[in-house]
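Structure at a glance
Chain residues, written in single-letter form:
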Amino acid sequence: MRVLETLGVAACLGGPIPACGNGAEILRKEWAHTESFESLLQLHWQILQPEMVDSSEAELYQLNNNISRFTEYWIQQQKPFLVIGGDHSCALGTWAGALNGLEQGKQLGLIWLDAHMDAHTFETTPSGNIHGMPLSALLGKADGKLSHLLPTMKAIAPENLILLGTRSYEPEEYALLKQAGVSIVFAGEINDFPQLLLDAVETLNYSCDAIGISIDLDFLRPEDAPGVETPVSGGVSAQALLHALALIKEQPKICGLELSEFNPENDVNHRTLHLMKRIIETFYG
Ligand SMILES: [Mn+2]
């Protein structure tokens, strides 16, 4: 049986829907409920709660700093990991920690599966929600206020970041990513998603020492994953995602998987919850 290091983030400090902060705990219970003795994958859970501090931004920084300590350690130990949000601002901690854990000069690659670009800054955001900002920070393109929320001094090189499935964004985000030279495959351009994901991993294999996968559940078409914070029509099917993850799971440089934006209040017959479980079983089982 395989034991997988799993970090649940019981918070929605970066998004508008507090129920999103219950997602990790609901998944943990669901997993425990259905786990059998024959199960090939056991999740070794840690759940992080936000700590009360003076401001909401200090709280978000503190939480992400705590997340980063886990992923930094797991990268150093070369242990594969799973992070379950919360909203997608947990990516600030997850991937900052991965950057911190890599030795000097080693490169982190990141594949970002999301309907949105998540590349705003405090200067461009229309909503003020930090879950729409992690990529500008991780690229080292944040304004001063945002860069203070990222628990690393390192950044992901733009050529080592690939966005797949984008279909909802503001022009400022597109300009930031385009100017940096990040590659983006829009949802409308996708024909064969499993092949596309495999190609993305193989591209990053040339330049990177470790590769992370970050999934915002709104990447999927809302029919398959209705339980998200900000659904957007279109998107890849759950079946195509599961097939794609099965294709890349043996790739040796893949270091971790992040799943975010599960909003249990929007879920229909636990469809999204059960799909999260299948994603984890497919990728790590
Ligand atoms: Mn996102």
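These notes cover the structure that comes with them. (Residues numbered from 1 in each chain as written. Predicted model: local features only at pLDDT ≥ 70, side-chain atom pairs only at ≥ 80, totals over all residues.)

Now for the pairing of strand 1 (residues 2–9). With eight bridges connecting them, strand 1 and strand 2 (residues 41–48) associate as parallel partners. Each residue of the ladder has a partner; that of Val3, found in strand 2, is Gln42. As defined by bridge partners, strand 1 adjoins strand 3 (residues 81–84) across four bridges and the pair is classed as parallel. Looking across to strand 3, one finds that Leu7 is bridged to Val83. (Pairing = 2+ DSSP bridges. Helix = DSSP H or I, 4+ residues; strand = E, 2+ residues; numbered from the N terminus.)

It is worth spelling out unusual backbone geometry at this point. Cis geometry is found at the peptide bond from Gly85 to Gly86, where omega equals 20°. By secondary structure assignment, the location of Gly86 is in the loop between strand 3 and helix 3 (91–101). One non-glycine residue, Gln78, adopts positive backbone phi at about 55°. Among the secondary structure elements, Gln78 is positioned in the loop between helix 2 (56–76) and strand 3. With 9 C-beta atoms packed within 10 Å, Gln78 lands in the exposed category. Phi at His270 takes a positive value of approximately 60°, unusual for a residue other than glycine. According to the C-beta neighbour criterion, His270 is partly exposed, with 14 such atoms within 10 Å. (Buried ≥ 20, exposed ≤ 12 C-beta atoms within 10 Å, placed from the backbone.)

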